[in-house]
Amino acid sequence: MKLYIHKDTFYDKVYGDETWWKRFEWLLNKKYKYIDYEIVNLHYEDNIKDLQLGNDDFCICRFAHYEEDFELSKRVYPLLYEKFNGRIWPNKTEWYYYNDKQRQLEFIRENNIPHPISHYSYGRDDFTKWVEENNLEYPIVVKKSQGAGSEEVRLINHWREIDDMVSSPIDTSWKSGQFIAQQYIDVNHDIRISIFGDKILFSKRIHHWKTDEKKRFPYGYYYGDRVFGYTNKSLTITEIEKIKHIGVYLKEITDTHLNSKIMSWDIIKEESDFKILEFSNCFYFNMVDNQLYYDIKEEKILKMKNKLKDNTLYTQNVLLRTIRGIS
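An account of the accompanying structure is given in this report.

What counts as what
Residues numbered from 1 in each chain as written. Predicted model: local features only at pLDDT ≥ 70, side-chain atom pairs only at ≥ 80, totals over all residues. Heavy atoms only, no water. Buried < 20%, exposed > 50% of the residue type's maximum accessible area, 1.4 Å probe, protein only. Helix = DSSP H or I, 4+ residues; strand = E, 2+ residues; numbered from the N terminus. Arc of directions from axis to C-beta. Contact = heavy atoms within 4.5 Å. Polar contact = N/O pair within 3.5 Å; in protein donor to acceptor, adjacent residues only side chain to side chain. Pairing = 2+ DSSP bridges. Expected span 1.5 Å × (residues − 1). Bend = angle between axes of the 7 residues up to and from the residue.

1. Remarks on helix H7 (residues 124–133)
- Regarding H7, the residues found buried are Phe-127, Thr-128, Trp-130 and Val-131. Take H7 and look down its axis: the buried residues cluster within an arc of 160°, on one side only. Projecting away from the buried face of H7 at angles above 90 degrees are the exposed residues Asp-125, Glu-132 and Glu-133.
- Among the structural elements, strand S5 (118–121), strand S6 (140–143), strand S7 (153–156), helix H8 (160–166) and strand S8 (179–183) are those in contact with the buried residues of H7.
- A positive backbone phi angle near 50° is found at Asn-135, which sits one or two residues after H7.

2. Considerations on the side chain of His-6
- Within the fold, His-6 resides in strand S1 (residues 2–6).
- At 3.1 Å, the side chain of His-6 forms a polar contact with the backbone nitrogen of Leu-42.

3. Describing the pairing of strand S15 (residues 300–303)
- Note: strand S14 (residues 292–295) against S15, four bridges, orientation antiparallel. If you follow Tyr-293 over to S15, its bridge partner there is Leu-302.
- Between S14 and S15, which pair antiparallel in sequence order, lie four residues; one of them, Glu-299, sits at a positive phi of approximately 55°.

4. Comments concerning the environment of His-158
- Assignment of secondary structure puts His-158 in the loop between S7 and H8.
- Note: C-alpha distance between His-158 and Ile-140 (18 residues apart in sequence) is 8.3 Å.
- Only 3.0 Å separates the side chain of His-158 from the backbone nitrogen of Arg-160, close enough to count as a polar contact.

5. Points about helix H4 (residues 67–83)
- With 17 residues, H4 extends 24 Å from end C-alpha to end C-alpha; this agrees with the ideal 24 Å at 1.5 Å per step.
- Of all the bends found along H4, the most pronounced is centred on Val-76 and spans about 35°, while Pro-78, a proline, follows it within four residues.
- Regarding H4, the residues found buried are Asp-69, Phe-70, Ser-73, Val-76, Tyr-77 and Leu-80.
- Positive phi shows up at Asn-85, right after H4, with a value of about 50°.

See the structure below:
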């Protein structure tokens, strides 16, 4: 087996050494020297056509959510899927839902997954009708179907703010008037539950937006920040014991309905009537803050090894071991 890893040059400009292909390159040169690999820019159709593949070669593509990059990725993914005969990560189902909150909302509804009252809105009139029919009170959460890191999420206190966003000459990306609207539930943190095969990791992400009116909802970045940093906290054994059943439930959905081994889920109200906000492909996450995980096979909460390099490259490690069938 040879691995072909996408060299994301656009993402490279933004994140430098944090870029996925550089992380893979380091791992493959240091830890998995026996794996043959090639790093190639798979946004170019000619590069894809020129690949000379073996019967079990595998493709790894970390496609970014930025519009310019994502449009290229949407164009080449079907070509890559066909070229590699489906041996690609993210797989076809994972890719279908990636960076598309409208599709995720449809999936959540179809599978009766608990979630806040939500609606895909087609403009102000449609939005206000939904608010009235569901007897909702402001504020309301609105977010674009595409985007990550909460960068396209807003909390509004009146429908006029929708008009302001749609008509803004500065941020024209809301111009279509289409967006996800969601019931606001007052919490001070959310929980990210990350599925990695038989391991389930839990992180608490603190909501800082209430402390300063200049901060963005919900995590507290300032408007104009280029670097989005979460305040992550590792859960204690007691905290994990209380919610591990949610992780087991989400792992079953991940396995059965998404045909995936690696997926993260964002939830709120974890200790009572929990709600799912959205899910994503674990494209970026390192696990340096995590101290513990729940092991499905052993049915135990265990300590992370916490080797800095391994946990910084946790997703890449798990992905390589999954592809190679290493336990």
